[in-house]
Number of protein chains: 2
Amino acid sequence: MVDIATRVYNHKWKIDPIVRSLIDTDFYKLLMCQSVFRNKPDTNVTFSLINRATDIRLAELVDEGELREQLDHIRGLSLSRGESTWLRGNTFYGKRQMFRPDFMEWFEGLRLPPYELEVKDGQYELTFEGKWPEVMLWEIPALAVLMELRSRAVLADMGRFELQVLYARAMTKLWEKIERLREVPDIKIADFGTRRRHSFLWQDWGVQAMMEGLGDRFTGTSNCLIAMRREVEAIGTNAHELPMVYSALAQTDDELLQAPYQVLADWHEEHDGNLHIILPDTYGTQGFLDRAPDWLAGWTGIRIDSGDPAEGAEIAIRWWQSRGEDPREKLVIFSDGLDVDKMLELHARFSGRVKLSFGWGTLLTNDFRGLVPDDALAPFSLVCKAVSANGFPTVKLSDNPNKAMGPSEEIKRYKRVFDVGEQQAMKVVV
Amino acid sequence: MVDIATRVYNHKWKIDPIVRSLIDTDFYKLLMCQSVFRNKPDTNVTFSLINRATDIRLAELVDEGELREQLDHIRGLSLSRGESTWLRGNTFYGKRQMFRPDFMEWFEGLRLPPYELEVKDGQYELTFEGKWPEVMLWEIPALAVLMELRSRAVLADMGRFELQVLYARAMTKLWEKIERLREVPDIKIADFGTRRRHSFLWQDWGVQAMMEGLGDRFTGTSNCLIAMRREVEAIGTNAHELPMVYSALAQTDDELLQAPYQVLADWHEEHDGNLHIILPDTYGTQGFLDRAPDWLAGWTGIRIDSGDPAEGAEIAIRWWQSRGEDPREKLVIFSDGLDVDKMLELHARFSGRVKLSFGWGTLLTNDFRGLVPDDALAPFSLVCKAVSANGFPTVKLSDNPNKAMGPSEEIKRYKRVFDVGEQQAMKVVV
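- In the annotation of an unreviewed UniProt entry, chain A is listed under the name Nicotinate phosphoribosyltransferase and assigned to Qingshengfaniella alkalisoli.
- In its Function (unreviewed entry) section, UniProt records this for chain A: "Catalyzes the synthesis of beta-nicotinate D-ribonucleotide from nicotinate and 5-phospho-D-ribose 1-phosphate at the expense of ATP."
- Of chain A, the UniProt comment under Sequence similarities (unreviewed entry) reads exactly: "Belongs to the NAPRTase family."

What follows is the structure, given as structure tokens:
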């Protein structure tokens with residue numbers, strides 16, 4: 001077992017790379033990558049880092065040289081033989097050979113494309129431009145690097161002993177959360193916390209804690225490297241970048257309105273079963289479901305990732321009922337800013353009405369709130385998103401206007417096209 | 001920094017001796033030993049283990065073979081060169097050459113005498129018989145061995161991860177105590193927790209926590225080995241065994257009544273300054289002070305080790321005043337069953353009225369209460385005491401009848417001789 005405090009102290013984090021592997025990333029990135037590799041291999045996409053917490057001046061906290069070192073290190077990574085074997089040979093979601101030979105061959109030869117880094121107004125402007133299937137794989141490692149460099153910057157001045165007490169407290173805090181969750185006999189939770197984790201070692205510890213504490217109720221981790229090493233399920237389906245890029249490529253308003261369904265039509269062809277999970281909120285959940293084709297109501301479930309989660313689930317339940325589906329047969333995955341109270345509340349409300357699952361993210365892998373002065377280790381809302389595709393800007397609305405992204409003129413157009421009415425603004429914590 | 005959880009897990013405690021050194025003992029044992037070596041070298045004494053917590057059936061928890069292994073290991077120990085150098089060369093209580101050359105020469109040649117071990121009614125009957133200066137050095141290691149073997153027995157079934165969470169919680173718990181104590185700017189606390197520690201590594205961690213958390217307010221540790229390694233003060237003066245053995249050797253009631261003062265007269269000759277600390281409670285504090293010679297009122301301070309500590313301190317203050325001494329110049333050391341609340345309460349009450357110091361014992365080095373099911377790691381009241389001297393039984397009364405020891409007829413006689421009236425019974429936790 002790794003003594004994280006000692007490791008942190010001894011290495012002073014200099015020789016310990018943050019991202020150790022190309023599969024130290026979210027499983028859904030690989031699933032989507034394979035899909036993009038087949039359907040839109042030549043689309044040119046730009047991903048960009050966006051720090052929603054403007055008061056955290058990352059470029060003042062994190063040394064640019066260290067950041068470049070870590071990013072350069074990632075560019076030097078390629079799939080190892082063992083990783084390739086695992087991706088080719090493992091069963092994901094009950095399916096063998098989830099990754100096709102042509103995709104694997106491409107992936108085995110992949111190195112991540114160059115990045116562009118500038119400093120502006122105390123923030124890093126970090127962008128990645130190139131072919132969609134390549135560039136998209138930067139998202140998770142870029143976020144993990146920034147988050148962990150920020151942790152390291154705060155930890156750098158701490159003594160051995162302070163570090164040990166810090167991690168003892170963080171462990172105790174997380175374990176006490178798990179003890180509350182384990183009181184619910186039928187809860188299902190996966191780790192979705194790779195991108196904004198405190199550190200790799202800490203996420204890895206958290207996964208072990210979940211394994212030990214929750215047993216079968218811990219359904220797996222989104223992190224492929226940890227899933228492989230700890231022999232748990234790799235978890236994930238699809239994300240907003242698919243409808244965002246498809247939508248940016250739409251030539252007309254009508255094509256735009258159809259773009260999110262085209263994403264799922266492509267997905268429908270490629271996958272089945274538990275991978276048939278709708279992510280409905282990119283341009284407003286209610287309108288998306290109202291206009292959805294009937295075959296989508298036959299999908300396995302839905303993922304609620306913005307807005308009031310209970311309201312989102314109620315909308316989904318009403319929609320299934322209106323399409324003659326039995327919600328009790330449907331899976332609702334909550335994945336937005338969850339912590340224990342929220343999970344217990346949602347479980348109490350929806351247990352028995354639908355099948356339930358939770359994707360527990362940042363507050364699983366980075367809840368260092370209250371553990372150091374000035375809350376300097378508290379997680380914050382850092383994202384890395386596709387901002388343009390073939391030169392056209394992307395737009396995300398979601399069910400929370402505080403999560404909207406894109407040029408304001410385009411946001412207006414999307415709101416009009418997707419008929420998004422009044423939305424309730426909610427604070428974005430992580 | 002030692003990762004205690006991993007060490008516990010990897011070794012399964014088999015190859016890790018519990019007592020690693022002859023000076024892994026309390027400093028006052030060595031001070032007293034030197035005194036006994038000079039004044040009563042040929043007195044024959046028996047020490048015996050007494051488990052006041054009869055519900056904890058040690059012989060069922062702790063394997064006899066393992067116990068013998070640990071005790072035999074201790075018999076194989078002798079003073080190392082570095083330890084000898086430290087004892088000879090270090091400054092203790094501001095004094096060089098605290099330990100005389102003749103004592104050091106004897107100590108360097110010492111191996112601990114044999115032990116006798118039997119099992120009776122689920123408990124170990126562990127006795128040590130021989131020359132007082134040799135036998136007395138068994139007390140602390142014998143207790144530490146039993147306490148730690150009990151910890152190991154409970155921990156043996158725990159997984160790696162459980163152990164890590166356990167120690168994370170224990171660290172957090174201790175650190176939170178220290179954080180409360182550090183809010184008091186002028187508090188003075190020493191570690192007195194060797195005998196009933198959870199384990200050696202844990203005591204060592206606790207000392208480091210105190211050093212880091214309290215700085216100068218942590219005045220040192222009673223444990224010589226840790227004091228040497230961590231370069232802090234070794235703390236301690238004298239204990240009940242001196243008056244108990246001197247009293248057992250008394251031929252008449254009158255000699256008996258004088259015996260406790262004879263102890264301090266011998267001590268007076270040998271030491272000065274901060275080692276002039278009265279331990280008044282062996283046969284009742286009030287009577288002891290009332291009958292005390294005037295020169296004793298000139299001593300530096302008093303140690304309160306049984307009964308209601310505030311009441312004990314008030315008795316001492318009134319006594320000093322009655323002898324024309326200024327209590328504000330006197331040191332009161334509290335050392336009985338302390339934890340944070342009690343220390344803060346006593347500090348609030350006596351700060352400014354006397355000089356204050358705390359000897360924090362078992363609840364510093366073994367507060368694993370509430371951390372495992374059935375509280376199987378909670379500390380308990382295990383002692384190892386001189387029970388006879390040259391064939392005569394020893395007696396201890398103290399200010400708490402629950403701490404009284406000795407044959408009941410003898411207790412009666414002592415109560416009569418020392419004129420001990422009604423006493424308030426208090427629960428003995430540790």
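That shown, we press on.
## Some points on the relation of the copies chain B and chain A
Thinking step 1. Here chain B sits on chain A after a turn of 180° about the axis and a move of 0.0 Å along it, with an RMSD of 0.0 Å. Viewed as a symmetry operation, the transformation between the two copies matches a two-fold axis. Rotation axis and chain B: the residue whose C-alpha lies nearest the axis is Ala 168 of chain B, separated from it by 2.1 Å.
Thinking step 2. Here 100% of the interface residues in chain B have copies in chain A that are interface residues too; the copies meet face to matching face.

## Here's the deal with the sheet that holds strand S9 (residues 355-360) of chain A
Thinking step 1. Within the open sheet, the six strands sit side by side as S5-S4-S9-S8-S7-S6 (chain A). Their pairing is parallel. Either end of the sheet is taken by a strand with one partner, and the two such strands are strand S5 (218-221) and strand S6 (277-278) of chain A.

## A few points about the UniProt feature "domain: Nicotinate/nicotinamide phosphoribosyltransferase" (unreviewed entry) in chain A
Thinking step 1. Within this numbering scheme, the UniProt entry marks residues 187-422 of chain A as carrying the feature "domain: Nicotinate/nicotinamide phosphoribosyltransferase" (unreviewed entry).
Thinking step 2. Secondary structure content for residues 187-422 of chain A is 41% helix and 14% strand, while the C-alpha to C-alpha distance between its ends is 33 Å.

## Quick notes on the nonpolar core
Thinking step 1. In terms of nonpolar packing, the biggest core is built from 279 residues, with Trp 360 of chain A together with Phe 107 and Trp 360 of chain B touching the most fellow members.
Thinking step 2. Filtering out sequence-adjacent residues up to four positions away, Phe 107 of chain B remains in contact with Leu 22, Ile 23, Leu 30, Leu 79, Leu 87 and Leu 137 of chain B.

## Description of the layout of surface pockets
All names here are of chain A.
Thinking step 1. Of the volumes computed, that of the second largest pocket is approximately 430 Å³.
Thinking step 2. Lining of the second largest pocket is provided by 23 residues; of these, Tyr 93, Ile 235, Leu 331, Ile 333 and Ser 357 occupy positions nearest its centre.
Thinking step 3. Where the lining of the second largest pocket is concerned, the elements lending two or more residues are strand S8 (331-334) and S9.
Thinking step 4. Broken down by element, the lining of the second largest pocket gets its largest block of residues, four residues, from S9.

## What about the pairing of strand S2 (residues 115-120) of chain B?
Residue and element names in this part refer to chain B.
Thinking step 1. Pairing of S2 with strand S3 (residues 123-131) involves six bridges; the strand directions are antiparallel. The residue of S3 that forms the bridge with Tyr 115 is Phe 128.
Thinking step 2. The antiparallel pairing of S2 with S3 creates a hairpin that spans two residues between the two strands, and Asp 121 there sits at a positive phi of about 55°.

## Topic: helix H13 (residues 253-270) of chain A
Residue and element names in this part refer to chain A.
Thinking step 1. Its 18 residues place the ends of H13 26 Å apart at the C-alpha level, agreeing with the 26 Å of an ideal helix rising 1.5 Å per residue.
Thinking step 2. The principal kink in H13, of about 45°, is found at Ala 259, preceding the proline Pro 260 by one to four residues.
Thinking step 3. Of the residues making up H13, those classed as buried are Leu 256, Leu 257, Ala 259, Pro 260, Tyr 261, Val 263, Leu 264, Asp 266, Trp 267 and Glu 270.
Thinking step 4. Close packing links the buried residues of H13 with helix H2 (27-39), helix H12 (241-248), S6, helix H14 (285-290), helix H15 (294-297) and helix H19 (408-417).

## Here's the deal with empty space enclosed by the protein
Thinking step 1. Enumeration according to the criterion identifies ten cavities of 30 Å³ or more in this entry.
Thinking step 2. Looking at the largest cavity, its volume works out to about 480 Å³.
Thinking step 3. Counting residues per element, the ones that place at least two in the lining of the largest cavity are H12, helix H18 (362-365) and strand S10 (382-389) of chain A.
Thinking step 4. The leading source of residues in the lining of the largest cavity is S10 of chain A, at four residues.
Thinking step 5. In the lining of the largest cavity, the residues fall into twelve nonpolar, eight polar and twelve charged.
Thinking step 6. Roughly 140 Å³ of volume is contained in the second largest cavity.
Thinking step 7. Among the secondary structure elements, those contributing two or more residues to the lining of the second largest cavity are helix H1 (4-11) and helix H9 (160-181) of chain A together with helix H1 (4-11) and helix H9 (160-181) of chain B.
Thinking step 8. Among the residues forming the lining of the second largest cavity, the class breakdown is ten nonpolar, two polar and two charged.

Thresholds applied
- Residues numbered from 1 in each chain as written.
- Chains lettered and ligands numbered in written order.
- Predicted model: local features only at pLDDT ≥ 70, side-chain atom pairs only at ≥ 80, totals over all residues.
- Heavy atoms only, no water.
- UniProt positions renumbered as here; feature names shortened; annotations may be inferred.
- Least-squares fit on C-alpha atoms with pLDDT ≥ 70 in both.
- Contact = heavy atoms within 4.5 Å.
- Pairing = 2+ DSSP bridges.
- Helix = DSSP H or I, 4+ residues; strand = E, 2+ residues; numbered from the N terminus.
- Core = buried A, V, L, I, M, F, W, Y, C linked by side-chain atoms within 4.5 Å.
- Buried < 20%, exposed > 50% of the residue type's maximum accessible area, 1.4 Å probe, protein only.
- 1 Å grid on protein atoms, 1.4 Å probe; cavity = no way out; pocket = protein on both sides within 12 Å on 5 of 7 lines; lining within 4 Å.
- Points joined across faces, edges and corners; volume = space filled by probe spheres on them.
- Expected span 1.5 Å × (residues − 1).
- Bend = angle between axes of the 7 residues up to and from the residue.
- Nonpolar A, V, L, I, M, F, W, Y, C, P; charged D, E, K, R; others polar.

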